[in-house]
Amino acid sequence: MALHDWNLTPEAAIALQKRLAPSVRREDTLGEVGLIAGMDIGFEQGGETTRAALVLLEWPSLALVEQVVHREPTRMPYVPGLLSFREIPAALGAFAQLSQRPGLIMVDGQGIAHPRRLGIASHLGLWLDLPTIGVGKSRLCGQFGEVPSSKGEWTPLTDRRREEDPSDVSVDARGRVTIGAVLRSREGVKPLFVSPGHRLSLPTAVDWVVRCLGRTKLPEPTRLADRLASRRGEVAASGQLSL
């Protein structure tokens, strides 16, 4: 069943985000995970075509099981804070082609670490009713302190409390809430911005990202999806790109 229509003005999209955000579940409701999906989006023809790249990995081996690339016309121009309306239609087209349903999805982008608490990972999680994690390469909103230098350590990403936050959310003395983690995924490189998307708590989201780290900055699901989205070709079973 469709969650909503995609033919929206930016103003209507913002209003929809505010209505949907309270539906995002920030507690753990994931079952046994045997397959993990990685999702990333690229663009072709000067942004006219959206290219959704999806990889499916077996857990815990992280062996590549399946991959899908789906293209369709881009529906919305880039508007800060509305990335999901630009990218999710193509992502849903890719998921429709999977032969197996994952137990967990890692998305290149934000989860609740979003001004209206509905980044692409949260929005996609609501559409698919699956646990999702946002793994961002940069910060969209919030503040953070010094990030520890050791791999796997993190510091909280906090933001002022917003109307989209749950009524029972924990608020510190400054009126701020924790919306994510700034994670040192590899020593000597810039950190990742990890946030729950849907049906996951922050500690569980961080734990899954750390467990999926290999020798590079990104966890394997989004690393392989990123390679597939940004270049022509396919990811071979070894995790290398074949042209």
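All values derive from a computational prediction rather than experimental measurement.

About the thresholds
- Residues numbered from 1 in each chain as written.
- Predicted model: local features only at pLDDT ≥ 70, side-chain atom pairs only at ≥ 80, totals over all residues.
- Heavy atoms only, no water.
- Core = buried A, V, L, I, M, F, W, Y, C linked by side-chain atoms within 4.5 Å.
- Buried < 20%, exposed > 50% of the residue type's maximum accessible area, 1.4 Å probe, protein only.
- Helix = DSSP H or I, 4+ residues; strand = E, 2+ residues; numbered from the N terminus.
- Contact = heavy atoms within 4.5 Å.
- UniProt positions renumbered as here; feature names shortened; annotations may be inferred.
- Phe/Tyr/Trp six-rings, centres within 6.5 Å; stacked < 30°, edge-to-face > 60°.
- Pairing = 2+ DSSP bridges.
- Axes fitted to C-alpha atoms, helices over the stretch in contact; angles between N-to-C directions.
- Polar contact = N/O pair within 3.5 Å; in protein donor to acceptor, adjacent residues only side chain to side chain.

Moving on to the nonpolar core. One broad trend across soluble globular proteins is that nonpolar side chains are buried collectively. Core analysis: the biggest nonpolar cluster contains 34 residues, and Met39, Leu54, Phe95, Ile105 and Leu124 have the highest contact counts within it. Listed by contribution, the elements that provide at least two residues to this core are helix H1 (10-20), strand S1 (35-44), strand S2 (49-58), helix H2 (83-95), strand S4 (104-108) and helix H3 (120-128). Look past the residues within four positions of Met39 in its chain and what remains in contact with it is Ala52, Ala53, Leu54, Ala91, Phe95, Ile105, Met106, Val107, Asp108, Leu124 and Ala225. Membership of the second largest hydrophobic core comes to 28 residues, among which are Ala53, Leu57, Ala205 and Val206.

For the rest of this paragraph, the subject is unusual backbone geometry. With an omega of 15 degrees, the peptide bond running from Trp59 to Pro60 counts as cis. Looking at where Pro60 falls in the secondary structure, it is placed in the loop between S2 and strand S3 (64-73).

For the rest of this paragraph, the subject is the UniProt feature "site: Interaction with target DNA" (unreviewed entry) in the protein chain. On the UniProt side, "site: Interaction with target DNA" (unreviewed entry) is annotated at positions that read Tyr78 here. Within the secondary structure, Tyr78 is located in the loop between S3 and H2.

Below, the discussion takes up H3. Among the 9 residues that make up H3, 9 are buried, leaving the element largely enclosed by the rest of the structure. Along H3, the residues that are buried comprise Ile120, Ala121, Ser122, His123, Leu124, Gly125, Leu126, Trp127 and Leu128. On its buried side, H3 packs onto H1, S1, H2, S4, strand S5 (132-136) and strand S8 (192-198). Asp129 sits one or two positions beyond H3 and adopts a positive phi of about 55 degrees.

Moving on, we come to the packing of aromatic side chains. Following the criterion strictly, the structure yields 4 aromatic pairs and no others. Seen from their ring centres, Trp6 and Phe85 are 5.8 Å apart, and the 75 degrees between their planes marks the pair as edge-to-face. Of this pair, Trp6 sits in the segment before H1 while Phe85 sits in helix H2, placing them 79 residues apart in sequence. There is no split in this pair, since Trp6 and Phe85 are both buried.

With that out of the way, let us pick up the sheet that holds S4. Strand order in the open sheet formed by 8 strands is S3-S2-S1-S4-S5-S8-S7-S6, and the pairing between neighbours is mixed. Only two strands of the sheet have a single neighbouring strand rather than two, namely S3 and strand S6 (154-160). Looking at each pair of strands side by side, their axes are set apart by 30 degrees on average, direction ignored. As paired strands, S4 and S5 are joined by 4 bridges and run parallel to one another. When the sheet's bridge partners are listed, Val107 is paired in S5 with Gly134. Where helix H4 (residues 202-211) meets the sheet, it contacts S1, S4, S5, S6, strand S7 (176-183) and S8, and its direction lies at approximately 5 degrees from that of S7.

The next subject is the environment of Thr216. Secondary-structure assignment places Thr216 in the loop between H4 and helix H5 (220-230). Once the C-alpha coordinates of Thr216 and Val189 are considered, the two residues, 27 residues apart in sequence, prove to be 9.6 Å apart. In this structure, Thr216 is in contact with Ser185, Arg186 and Arg223, ignoring residues within four places of it in sequence. A polar contact of 3.5 Å, which involves the side chain of Thr216, links it to the backbone oxygen of Leu218.

Moving on, we come to the side chain of Arg51. The residue Arg51 is located in strand S2 in this model. Arg51 sits in the buried class, given a relative accessible area of 2%. Polar contacts involving the side chain of Arg51 include one to the main-chain carbonyl oxygen of Leu228, which spans 2.8 Å.

To continue, consider the UniProt feature "binding site: Mg(2+)" (unreviewed entry) in the protein chain. According to UniProt, the "binding site: Mg(2+)" (unreviewed entry) feature falls on Asp40 and Asp108. Across 69 residues, the annotated set stays spatially compact, with a maximum C-alpha separation of 5.3 Å. Inspection of the secondary structure assignment puts Asp40 in strand S1. Setting aside chain neighbours within four positions, we find Asp40 in contact with Arg51, Ala52, Ala53, Asp108, Ala225, Asp226 and Ala229. Structurally, Asp108 can be placed in strand S4. Overall, the relative accessible area of 14% leaves Asp108 in the buried class. If we ignore the near neighbours within four places in the chain, the residues touching Asp108 are Met39, Asp40, Ile120, Val135, Lys137, Thr222 and Asp226.

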